[in-house]
Amino acid sequence: MKTVIFACVHNAGRSQMAAAFFNALADPRKARGVSAGTQPGERVHPEVQAAMSEIGIDLSGAKPQRLTDELAQGAHWLITMGCGEACPHVPGLKRDDWPLEDPKGKPVERVRQIRDEVRSRVSAFLAREGWLG
């Protein structure tokens, strides 16, 4: 089982969407996704919850969590989305950066575009790794 961490600053938008798409699309016997942030917020952004709810993914129970060295130790991949150098460097961990706009406070149309870009990147990543469900 491979673990992929999706990390952004507040763990309240992009990384939550990415982990939710990852777990919905991945073969659960091969891989799982988790999300975390360098400075976790109180809750997932309401506009993100709404955009994900439109497509049948419920993030109402999702809680932002801190990206710790311990969490990163068990992972195989770290995909960052705006946390840059604040994300820990873990030897042996494969790493990629997805420069995605923060959806916080954006109009619903823009949040949908960001959501769809996240889904597209997650799908391509899963296909490349051979982990699609």
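Residues numbered from 1 in each chain as written. Predicted model: local features only at pLDDT ≥ 70, side-chain atom pairs only at ≥ 80, totals over all residues. Heavy atoms only, no water.

Per an unreviewed UniProt entry, the protein chain carries the name Arsenate reductase ArsC and comes from Archangium lansingense.

Peer 1: Describe helix α4 (residues 108-129), and please don't skip the residues or the numbers.
Peer 2: The first and last C-alpha atoms of α4 sit 31 Å apart over 22 residues, in line with the 32 Å expected at 1.5 Å per residue. Packing partners of the buried residues in α4 comprise β1 (2-8), α1 (14-25), α2 (46-53) and β3 (77-80). With its phi angle positive at about 75°, Gly-130 sits one or two positions after the end of α4. (Helix = DSSP H or I, 4+ residues; strand = E, 2+ residues; numbered from the N terminus. Expected span 1.5 Å × (residues − 1). Contact = heavy atoms within 4.5 Å.)

Peer 1: An account of the pairing of β3 is requested, with residue identities and associated values reported.
Peer 2: By the alternation rule, side chains of β3 split into Trp-77 and Ile-79 and Leu-78 and Thr-80, which are all buried. The pairing of β1 with β3 spans four bridges and is parallel. Paired with Ile-5 across the strands is Leu-78, a residue of β3. Of the pairings in the sheet, the one linking β3 to strand β4 (residues 94-97) comprises four bridges and is parallel in character. The residue of β4 that forms the bridge with Thr-80 is Asp-97. (Buried < 20%, exposed > 50% of the residue type's maximum accessible area, 1.4 Å probe, protein only. Pairing = 2+ DSSP bridges.)

Peer 1: Explain the pattern of salt bridges to me, and be specific about the residues and the numbers.
Peer 2: Applying the stated criterion across every chain yields a total of nine salt bridges. For Arg-119, the salt bridge goes to Asp-116, with nearest N and O atoms at 2.8 Å. Remark: Asp-116 and Arg-119 occur in helix α4; sequence separation between them is three residues, near one turn of the helix. Take Arg-119: its relative accessible area is 30%, and that puts it in the partly exposed class. Look at Asp-116 and you get partly exposed, because its relative accessible area is 33%. Salt bridges sharing partners connect three or more residues here, namely Glu-54, Arg-112, Arg-115, Asp-116 and Arg-119. (Salt bridge = Lys/Arg side-chain N within 4 Å of Asp/Glu carboxyl O.)

Peer 1: Help me get a handle on the packing of aromatic side chains, residues and values and all.
Peer 2: Scanning the model with the defined rule gives seven aromatic pairs in all. Considering the side-chain rings of Phe-22 and Phe-125, the 6.4 Å spacing of their centres and the 45° angle between planes classify their relative orientation as tilted. Residue Phe-22 is found in helix α1, and its partner Phe-125 is found in helix α4; the two are separated by 103 residues along the sequence. Exposure remark for Phe-125: the relative accessible area of 2% places this residue in the buried category. Linked through ring pairs, Phe-6, Phe-22, Trp-77, Trp-98, Phe-125 and Trp-131 together constitute an aromatic cluster. (Phe/Tyr/Trp six-rings, centres within 6.5 Å; stacked < 30°, edge-to-face > 60°.)

Peer 1: Would you mind going over the pairing of strand β2 (residues 31-37) in detail, with residue names and values included?
Peer 2: Across a regular strand the side chains alternate sides, sitting on one face of the sheet and then on the other. The element β2 is largely enclosed, with a buried count of six among its seven residues. Where β1 meets β2, seven bridges bridge the pair, whose relative direction is parallel. Within the sheet, the bridge partner assigned to Val-4 lies in β2 and is Gly-33. Remark: the β1/α1/β2 crossover connection has right-handed handedness. (Right-handed = clockwise from strand over helix to strand, strands pointing away.)

Peer 1: Describe unusual backbone geometry, naming the residues involved and giving the relevant values.
Peer 2: Of note in the backbone geometry, Asn-11 takes a positive phi value of approximately 55° without being a glycine. For Asn-11, the position within the fold is in the loop between β1 and α1.

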